[in-house]
Amino acid sequence: MDKQKAEEMYEKNVNAVYKYLFCLTHSADLAEELTQETFYQAMKGIDRFRGECKVSVWLCQIGKRLWYKELERRKRKEVPLSEVTEEFPAFGHIENDYLLNVEKVEVFRMLHHLEDTTREVMYLRLAGELSFAEIGSIMGKTENWARVTFYRGKQKLMKGREEWDNG
């Protein structure tokens, strides 16, 4: 791949890959580091890309494998999981967006109570802004599976929200 095509691929996909990795890691610094490593690995292995999915999906799959390797590396070092992930950063200025922030924080708090697979689908859809087809591809499932999983997760969040409002 020539330099111009590589730069074009980077520019078109860097935001999607970063958002996806941020959803997994909850750390801006780690997501940025893994994003760079993802593109490095992609350039090394570009000849293995078969074109069976979007480039962004392929890149997210690489990023996900790198995240899992990072978790394994940290596990071997016996670093507590609380040090692997950070709290979500504040969304906007507290003075201007206080109520919106409370709701967003509450949604993300409730997301932590979902099963891992459902939580990942919810993050990919809400924060990563990926389509159900892309989510299905990343997760090794169908588009319909991603839709159903998202719907069920949304139902659980709505039920949790009702309990929160009434409690």
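Residues numbered from 1 in each chain as written. Predicted model: local features only at pLDDT ≥ 70, side-chain atom pairs only at ≥ 80, totals over all residues. Heavy atoms only, no water.

(A) Just a negative patch on the surface, in detail. On the surface, a cluster of negative charge is contributed by Asp29, Glu32, Glu33 and Glu37. One can find glutamate 32 in helix α2 (residues 28-44). (Patch = residues over 30% accessible without salt bridge, like charges linked within 9 Å, V, L, I, M, F, W, Y side chains within 5 Å. Areas by Shrake-Rupley, 256 points an atom, 1.4 Å probe, with all protein chains shown as cover. Salt bridge = Lys/Arg side-chain N within 4 Å of Asp/Glu carboxyl O. Lys, Arg positive; Asp, Glu negative; His and termini not counted. Charge placed at Lys NZ, Arg CZ, Asp CG, Glu CD. Helix = DSSP H or I, 4+ residues; strand = E, 2+ residues; numbered from the N terminus.)

(B) Structural detail: the packing of helix α1 (residues 3-25) against helix α3 (residues 55-76). Where α1 meets α3, the axes come as close as 9 Å, and the angle between the chain directions of the two elements is 40 degrees. Between α1 and α3, the angle falls in the class oblique. The hand of the α1/α3 crossing is right-handed. On the side of α1, the interface is formed by Met9, Asn13, Ala16, Val17, Tyr20, Leu21, Leu24 and Thr25, while α3 contributes Val55, Ser56, Leu59, Cys60, Gly63, Lys64 and Trp67. In terms of residue class, the contact of α1 with α3 is built from ten nonpolar, four polar and one charged. (Axes fitted to C-alpha atoms, helices over the stretch in contact; angles between N-to-C directions. Parallel < 35°, antiparallel > 145°, perpendicular 65-115°, else oblique. Left-handed = near helix turned anticlockwise from the far one by under 90°. Contact = heavy atoms within 4.5 Å. Nonpolar A, V, L, I, M, F, W, Y, C, P; charged D, E, K, R; others polar.)

(C) Examining the packing of aromatic side chains more closely. Following the criterion strictly, the structure yields three aromatic pairs and no others. Between the aromatic rings of tyrosine 10 and phenylalanine 39, the centroid separation amounts to 4.8 Å while the plane-to-plane angle is 65 degrees, which identifies the pairing as edge-to-face. Of the two residues, tyrosine 10 is situated in helix α1 and phenylalanine 39 in helix α2; the sequence distance between them amounts to 29 residues. On the accessibility criterion, phenylalanine 39 (6% relative accessible area) is buried. On the numbers, 5.6 Å between centres and 65 degrees between planes, the contact of phenylalanine 132 with phenylalanine 150 is edge-to-face. Of the two residues, phenylalanine 132 sits in helix α7 (residues 132-139) while phenylalanine 150 sits in helix α8 (residues 143-166), which places them 18 residues apart along the sequence. The ring of phenylalanine 132 carries arginine 125 above its face, with NZ or CZ at 4.0 Å from the centroid. (Phe/Tyr/Trp six-rings, centres within 6.5 Å; stacked < 30°, edge-to-face > 60°. Buried < 20%, exposed > 50% of the residue type's maximum accessible area, 1.4 Å probe, protein only. Lys NZ or Arg CZ within 6 Å of the ring centre and 35° of its normal.)

(D) Up close: the confidence of the model for the chain. Overall, the predicted model of the chain reaches an average pLDDT of 77, with 77% of residues at or above 70. Looking across the chain, the model is least confident in helix α4 (residues 81-84), with a mean pLDDT of 49, and most confident in α2, with 89. Note on residues 84-99: pLDDT is under 50 here. Beyond four places in sequence and across chains, it has 27 contacts. (pLDDT = per-residue confidence, 0-100.)

(E) Examining the side chain of arginine 119 more closely. Tracing the backbone shows arginine 119 in helix α6 (residues 116-126). Taking relative accessible area as the criterion, arginine 119 reaches 16% and is therefore assigned buried. Of note is the side chain of arginine 119, whose polar atom sits 3.0 Å from the backbone oxygen of leucine 114. Side-chain polar atoms of arginine 119 contact the side chain of aspartate 116, separated by 2.4 Å. If we ignore the near neighbours within four places in the chain, the residues touching arginine 119 are Leu111, His112 and Leu114. (Polar contact = N/O pair within 3.5 Å; in protein donor to acceptor, adjacent residues only side chain to side chain.)

(F) How the structure looks around the nonpolar core. Ranked by size, the top nonpolar core spans 36 residues in total, and within it Tyr20, Leu21, Leu111, Leu124, Ile135 and Ile138 carry the most contacts. Secondary structure elements with two or more residues in this core: α1, α2, α3, α5 (94-111), α6, α7 and α8. Looking at this core element by element, the count peaks at eight residues for α1. (Core = buried A, V, L, I, M, F, W, Y, C linked by side-chain atoms within 4.5 Å.)

(G) Molecular detail of the pattern of salt bridges. What the rule picks out here adds up to six salt bridges. For glutamate 8, the salt bridge identified is with lysine 12, shortest N-O distance 3.3 Å. Here lysine 12 and glutamate 8 lie together in helix α1, a separation of four residues that amounts to about one turn. Residues glutamate 120 and lysine 64 are paired through a salt bridge, measuring 3.3 Å at the closest nitrogen-oxygen approach. Of this pair, glutamate 120 sits in helix α6 while lysine 64 sits in helix α3, and the two are 56 residues apart along the sequence.

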